[in-house]
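# Architecture at a glance
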Amino acid sequence: MSQENEVETTGHVWDGDLQEYNNPLPRWWIWGFYASVAFAIVYWFIYPSWPVAGHFLTGFDTVTYVNNKGEKKTVHWNSRAELMANMNQYAAKQKPYFDKIAATPFKKIKADPGLNDFIASSGRTLFADNCAACHQAGGQGKIGFAPNLTDDDWLHGGTYKAIQQSIVNGREGVMPAKGLDPNMTDKQATALANYVLSLSGEPHDATLVAQGSALFHGAAGCFSCHGANAKGNQLIGSANLTDKIWLWASSPGAQTKAAKVEAVKQVILTGINDPNSIHKGVMPAWKGRLSGEQIKVLTAYVHDTLGGGE
Ligand code: HEC
Ligand code: HEC
């Protein structure tokens, strides 16, 4: 080997002839090493680094932020203070918009492209943080859980005022088990379920519709909450039963006629938000948890951006 003559060895020899070359470290590696040493020293001066006598070197860099009590603080650099400072900056940028929204009526907010953009972006964030767990990310809701907010079907009303009321005070639609007839038989519930399905043209047994209709408008008392036309009453949040839009009755699994009848029957027999009901869902009140401006942004977001507002 020619290298044997050019390169110095360490002088170690194993098994009689196995030697170790003493090659110099590559130049790029040496420079990289010095550069990282220099970088580390500069870093120690700027940022918190070594532990020293029960504390640590805090570094010369500082962060100034306003804490929750409104006090201005300057501290050595740390990621919590930096986060606070970033949030201060963000809040300061948002404040003029929130102030403007607080002072502007809903219709004018909708007509103002700048405010509309703000509603779409900050509304999306507020919705994702507070509402999407139940109403899903796009507001499309989930059967058996929380209503769709993107369609034009409203339990409690789709005007700005009604939506704001829903958010401020929360909502709880209550339907008693068996309607107003505690002695309702299983057969009667089946007839009622078929009548209800017939109202929106879903698969049903036509021979039971007349009996179901008589019960609906009579002994079972359904008409007193859902109306004689079964289109519901937003004052008490009773569902429109004629529009093929279901929140509780028709689970996505109910593909066959029998399964649909069974799903509607379950609602009729056990009610909604009734103590023994399997169907439970309450819209929490946000008054006190979100600011008035945040609630206004969310109201406009649900009405204008999600798009089902009346
Ligand atoms: C814990 C689950 C849950 C959360 C969180 C939640 N909701 Fe609801 N929401 C519901 C349920 C359930 C209903 C239906 C209540 C009823 O009528 O029984 C509802 C109803 C509504 C309604 C009325 C819909 C209609 O058809 O009239 C609006 C508007 C609404 N929610 C908006 C929001 C907004 C905005 C947020 C976030 C600030 C939010 N909800 C957070 C569960 C939730
Ligand atoms: C005391 C008032 C009241 C009476 C009486 C009543 N309902 Fe309801 N019903 C409601 C309310 C309120 C809701 C919506 C609850 C919610 O969404 O939280 C509802 C929902 C329903 C639903 C679910 C709709 C869906 O979207 O899945 C069906 C089906 C239904 N009612 C059928 C009936 C029938 C049939 C009767 C008669 C046996 C009846 N209701 C009697 C108040 C009533």
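Residues numbered from 1 in each chain as written. Chains lettered and ligands numbered in written order. Predicted model: local features only at pLDDT ≥ 70, side-chain atom pairs only at ≥ 80, totals over all residues. Heavy atoms only, no water.

### Details of the coordination of the iron atom of ligand 2
Note the threshold: Excluding water, the donors of a metal are its N, O and S neighbours within 2.8 Å, or within 3.2 Å for Na, K and Ca, and that exclusion means sites may look incomplete. Site shape is set this way: if four donors have all angles between 85 and 135 degrees, tetrahedral; if opposite donors are over 155 degrees apart and all others between 65 and 115, square planar for four donors and octahedral for six; otherwise irregular. Think of it this way: any DSSP run of H or I at least four residues long counts as a helix, any run of E at least two long counts as a strand, and we number them from the N terminus. Here the term buried applies to any residue with accessible area under 20% of the maximum for its type, exposed to any over 50%, and partly exposed to those in between, with areas from a 1.4 Å probe on protein chains only.
Taken together, the protein ligands of the iron atom of ligand 2 are M175 (SD) and H226 (NE2), with distances of 2.0 to 2.1 Å. Taken together, the six donor atoms surrounding the iron atom of ligand 2 define angles of 86 to 180° at the centre, an arrangement classified as octahedral. Here M175 is found in the loop between α7 (160-169) and α8 (186-199), whereas its partner H226 is found in helix α10 (residues 222-226), with 51 residues between them in sequence. For M175, a relative accessible area of 18% gives the class buried.

### What to know about the side chain of H135
Let me state the cut-off plainly: Should any heavy atoms of two residues lie within 4.5 Å, those residues are counted as being in contact.
Here H135 is to be found in helix α6 (residues 132-135). When neighbours within four sequence positions are excluded, H135 is seen to be in contact with F127, Q140, G141, A146, P147, L149 and M283.

### Points about the coordination of the iron atom of ligand 1
Here the iron atom of ligand 1 is held by the protein donor atoms H135 (NE2) and M283 (SD), which lie 2.0 to 2.1 Å from it. In this structure, the iron atom of ligand 1 is coordinated by six donor atoms arranged in octahedral fashion, with angles at the metal of 88 to 179°. Of this pair, H135 sits in helix α6 while M283 sits in the loop between α11 (257-270) and α12 (292-305), placing them 148 residues apart in sequence. With a relative accessible area of 23%, M283 lands in the partly exposed category.

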